[in-house]
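Now for the letters of each chain:
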Amino acid sequence: MNAKSIAEETYVLSMNVEDILFEGAWEIPNGVSINSYIIKGEKTAVIDGFCGWDGAPETLFTLLSQININPESIEYLIINHMEPDHSGWIEKFKLINPNFKILCSKKAQDLLAAFYGQTENITCVKDGDTVDLGDGHVLSFTEIPNVHWPDTIATLDTATGTLFSCDAFGGFGKIGSSIFADDLDENELKKYEVDTIRYFSNILGTFSPQAKKAVLKCENLPVKMIAPGHGYIWREPGLIMDAYSKYADYQKGPAKEEITLVWSSMYGMTEKAVQFAVKVLESQNIKFHIHQVPEDSWGTVITSAWTSTGLILAMPTYEFKMFPPMASTLEEMGKKKIQNRKVFSFGSYGWSGGAQKELAEITTRLGMNWDFVEPVEFLGAPGEEELQKIENGIIALVNEVKALCSNNK
Ligand code: FEO
């Protein structure tokens, strides 16, 4: 837990959270931070807030005491986004300070009533509206719908050029000793980039077109610093804006010159072919990721697939259909709209095939527009002939990925 000054009369209150599934579904191996912000003009405003994961609002009050702010003196709560990881403390807060005023979008107003029964002291704001806190702190609001829910806005303090962007421009991962991204060393920054891609693909991926629009909109604001609701603060805002623009583009492909191999096996027959496939991939001078399901989570697979132009799927047939853990992973990839990938698939069957047929059904139904290299299905263990076909399929896939990525440079 930390309360720190980040700009003139502006503070961040940050709490790291671990050992949970984010949104109840998404693995966060390196944790996540929940950031709130305080601006102290003649009037005091809190921007976003803590959920109830760790004793909030007590956590918030402890942090406020570190910067000598009495919760009763807070005039405004700015709800950039109503999802409870940013607003879950409102009910308890109003027991302590019933006189606060909420600033939020019209859509957030409806959600406040539905989630917390909060209907009083709400002012709705829209694009370009401003609120003056005094001492030069004029807040200006920008609607960035669907980054992450339809209600989302970003708040700019024109005094400091700080854009409080909530979910936009955020990332997973615990915050270390400094909350500024420019204080990270090269290795820490690389690690945070992976956590940011995990966050973007798992949480915002479905809304990539809206994220792209939000980036374009925010690029036109006089932003000197981006302070998101999760992750590090950017004093070079162009870096995270460019990164987000790129991550949004990966949704429709092509992404990076990378391949993600996702595999599952019941009794080791498909696994034998996977071991062979890995050797082939190692000979092809291309970066690749490997994930076994269900051992690796949806979120982990989606993180790798998000940046990969090519996918290799290896799974057996199970009772006329695809092995269920692979089917559920593919369904989730479809819901996150991982589209326009180059794909090769193979797998074992016993008394009936069916996995490849279900792959076609899932990708068609979810509009994924995947382009397939001829699949390989084999009875029992793979023989020499099937292994040769698998090698040919992988080489064909690698060549397609390389050609596509080189044309896209
Ligand atoms: Fe961090 Fe969409 O909530």
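Residues numbered from 1 in each chain as written. Predicted model: local features only at pLDDT ≥ 70, side-chain atom pairs only at ≥ 80, totals over all residues. Heavy atoms only, no water.

Student: Just to check I follow, could you spell out the packing of helix H6 (residues 208–219) against helix H7 (residues 237–250) for this structure?
Tutor: Angle between the axes and distance between the axes are the two parameters that describe a pair of packed helices. Interhelical geometry of H6 versus H7 gives an angle of 155° and a closest axis separation of 8 Å. Here H6 lies roughly antiparallel to H7, going by the angle between them. Where H6 crosses over H7, the two elements pack in a sense that is left-handed. Contacts between H6 and H7 involve Ser208, Lys212, Val215, Cys218 and Glu219 from the first element and Met241, Asp242, Tyr244, Ser245, Ala248 and Asp249 from the second. Here the residues of the contact of H6 with H7 sort into five nonpolar, two polar and four charged. (Axes fitted to C-alpha atoms, helices over the stretch in contact; angles between N-to-C directions. Helix = DSSP H or I, 4+ residues; strand = E, 2+ residues; numbered from the N terminus. Parallel < 35°, antiparallel > 145°, perpendicular 65-115°, else oblique. Left-handed = near helix turned anticlockwise from the far one by under 90°. Contact = heavy atoms within 4.5 Å. Nonpolar A, V, L, I, M, F, W, Y, C, P; charged D, E, K, R; others polar.)

Student: Help me understand the environment of leucine 261, please; the structure alone is not making it clear to me.
Tutor: Locating leucine 261 in the fold gives a position in strand S15 (residues 256–263). We classify leucine 261 as buried; its relative accessible area is 0%. Note: C-alpha distance between leucine 261 and threonine 363 (102 residues apart in sequence) is 17 Å. Setting aside its immediate chain neighbours within four residues, leucine 261 contacts Val274, Ala277, Val278, Leu281, His289, Ile290, His291 and Ile312. (Buried < 20%, exposed > 50% of the residue type's maximum accessible area, 1.4 Å probe, protein only.)

Student: I'm lost on unusual backbone geometry in this one. Help?
Tutor: Glycine aside, residues mostly have negative phi angles, and peptide bonds mostly take the trans form. In this chain, glycine 253 is followed by proline 254 through a cis amide linkage whose omega measures -15°. Here proline 254 is to be found in the loop between H7 and S15. The peptide bond linking valine 293 to proline 294 adopts the cis configuration, its omega dihedral lying at 10°. Unusually for a residue other than glycine, phenylalanine 320 sits at a positive phi of about 75°. Classification of phenylalanine 320 as exposed rests on a relative accessible area of 53%. At asparagine 369, a position not held by glycine, the phi torsion is positive, near 55°. Positionally, asparagine 369 belongs in the loop between helix H11 (355–365) and strand S21 (371–372).

Student: How should the domain arrangement of the protein be read in this particular structure?
Tutor: One frequent convention defines the size of an interface as the accessible area lost when the parts assemble. According to the domain assignment, the protein contains domain 1 (2–250) and domain 2 (256–404). One C-alpha centre belongs to domain 1, the other to domain 2; they are set 38 Å apart. Facing 14 residues of domain 1, the contacting portion of domain 2 comprises 14 residues. Both sides together, the interface formed by domain 1 and domain 2 hides about 1,300 Å², and carbon and sulfur atoms give 58% of it. It is Trp26, Thr206 and Tyr250 in domain 1 that bury the most area against domain 2; as a group they hold 45% of the surface buried on that side. (Domains from an automatic or database assignment. Buried area = accessible area lost by both parts, 1.4 Å probe.)

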